[in-house]
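For reference, the chains in residue letters:
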Amino acid sequence: VQLQASGGGLVQAGGSLRLSCAASGRTFSSYVMGWFRQAPGKEREFVAAISWSGGYTYYADSVKGRFTISRDNAKNTVYLQMNSLKPEDTAVYYCAGGASPSGSRWYRDSTNYEYWGQGTQVTVSS
């Protein structure tokens, strides 16, 4: 599976962006999908994840209520709608896919994701 993230950019605080992650292959619905981000000088952190069918979603506390993850299995695409953006949301955002996640909080563990996109830069100005 190859993942291609897009949709990043420069936005003012309080604004919105929608990230997309297009996947190649015909088995997209077999993968749980997640978004992670990495700010300069910081470790990569979990942002949001979605189950195979899209019925379950998970969020980091820092983005809960502002970000929404969704997926369209017919289009092999996962989305991250980001509203009420803050300067601390500035980071490179990565989409990731995993076939067989394990653990009670599998969604937060980057090792559960075998496939990673190239990243898209999100910059939020104050």
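To be clear, the structure that these remarks concern was listed above.
Residues numbered from 1 in each chain as written. Predicted model: local features only at pLDDT ≥ 70, side-chain atom pairs only at ≥ 80, totals over all residues. Heavy atoms only, no water.

Peer 1: In this structure, what is going on with the overall build of the protein chain? I would like to understand it.
Peer 2: When its secondary structure is counted, the protein chain shows zero helices and 11 strands. When the helices and strands of the protein chain are read in sequence order from the N terminus, they spell out β-β-β-β-β-β-β-β-β-β-β. Here the protein chain has a C-alpha radius of gyration of 13 Å; the compact-globule value for 126 residues is 14 Å, and the two agree. Expressed as lengths along the three principal axes of its C-alpha atoms, the size of the protein chain is roughly 40 × 30 × 25 Å. Within the protein chain, the fraction of its 126 residues that count as buried is 45%. Residue pairs in contact within the protein chain that sit at least 24 positions apart in sequence constitute 58% of those at least 6 positions apart. When the accessible surface of the protein chain is summed, it comes to about 6400 Å², and 45% of that surface belongs to carbon and sulfur atoms. Of the side-chain charges in the protein chain, 12 are positive and 8 negative, and the distance between the mean point of each set is 5 Å. (Helix = DSSP H or I, 4+ residues; strand = E, 2+ residues; numbered from the N terminus. Rg over C-alpha atoms; globule rule 2.2 N^0.38 Å. Buried < 20%, exposed > 50% of the residue type's maximum accessible area, 1.4 Å probe, protein only. Contact = heavy atoms within 4.5 Å. Areas by Shrake-Rupley, 256 points an atom, 1.4 Å probe, with all protein chains shown as cover. Lys, Arg positive; Asp, Glu negative; His and termini not counted. Charge placed at Lys NZ, Arg CZ, Asp CG, Glu CD.)

Peer 1: Explanation requested: the packing of aromatic side chains in the structure shown.
Peer 2: What characterises a pair of aromatic rings is the spacing of the ring centres plus the angle enclosed by the ring planes. Under the counting rule described, the total for this entry stands at nine aromatic pairs. Seen from their ring centres, Tyr58 and Trp106 are 5.3 Å apart, and the 75° between their planes marks the pair as edge-to-face. Of this pair, Tyr58 sits in strand β6 (residues 57-59) while Trp106 is found in the loop between β9 (91-98) and β10 (115-116), placing the two residues 48 residues apart along the sequence. On the basis of relative accessibility, which here comes to 22%, the residue Tyr58 falls in the partly exposed class. Ring geometry for Tyr58 against Tyr107: centres 4.2 Å apart, planes inclined by 15°, an arrangement best described as stacked. Taken together, the residues Tyr58 in strand β6 and Tyr107 in the loop between β9 and β10 connect sequence positions 49 residues apart. (Phe/Tyr/Trp six-rings, centres within 6.5 Å; stacked < 30°, edge-to-face > 60°.)

Peer 1: Looking at this structure, how should I read the pattern of salt bridges?
Peer 2: Proximity of charged atoms lets side chains of opposite charge pair with each other. Per the counting criterion, the structure on display carries four salt bridges. Of the charged contacts, one joins Arg66 and Asp89 as a salt bridge, the two residues approaching to 2.8 Å between their closest N and O atoms. Highlighted residues: Arg66 in the loop between β6 and β7 (67-72) and Asp89 in the loop between β8 (77-82) and β9, separated in sequence by 23 residues. You'll find Arg66 and Asp89 in the same group, each marked buried. (Salt bridge = Lys/Arg side-chain N within 4 Å of Asp/Glu carboxyl O.)

Peer 1: Is there a simple way to explain the side chain of Arg71 in this structure?
Peer 2: On the secondary structure map, Arg71 appears in strand β7. Looking at Arg71, its side chain comes within polar contact range of the main-chain oxygen of Ser51, at 2.8 Å. A distance of 3.4 Å separates a polar side-chain atom of Arg71 from the backbone oxygen of Trp52. Non-local contacts of Arg71, meaning those with residues more than four positions away in its chain, are made with Phe28, Ser29, Tyr31, Val32, Met33, Ile50, Ser51, Trp52, Ser53, Gly54, Thr77 and Val78. (Polar contact = N/O pair within 3.5 Å; in protein donor to acceptor, adjacent residues only side chain to side chain.)

Peer 1: Before we go on, may I ask you to explain the environment of Arg108 in this structure?
Peer 2: Along the chain, Arg108 falls in the loop between β9 and β10. Residues Arg108 and Tyr58, 50 residues apart in the sequence, show an inter-C-alpha distance of 8.7 Å. In contact with Arg108, other than residues within four places in its own chain, are Phe36, Phe46 and Ala60.

Peer 1: Can you help me understand the side chain of Thr120 in this one?
Peer 2: Position of Thr120 relative to the elements: it lies in strand β11 (residues 120-125). By relative accessible area, which is 9% here, Thr120 ends up buried. Here Gly8 takes part through its backbone nitrogen, which lies 3.1 Å from a polar atom of the side chain of Thr120. In this view, Thr120 contacts Ala5, Ser6, Gly7, Gly8, Leu19, Ala91, Val92 and Tyr93; residues no more than four positions away in its chain are not counted.

Peer 1: Please explain the pairing of β11 as it appears in this structure.
Peer 2: Across a regular strand the side chains alternate sides, sitting on one face of the sheet and then on the other. Covered by surrounding structure in β11 are Thr120, Val122 and Val124 only, the residues Gln121, Thr123 and Ser125 on the alternate face being uncovered. As defined by bridge partners, β9 adjoins β11 across three bridges and the pair is classed as antiparallel. Paired with Tyr93 across the bridge in β11 is Thr120. (Pairing = 2+ DSSP bridges.)

Remember, this is a structural readout, not a statement about activity or role.
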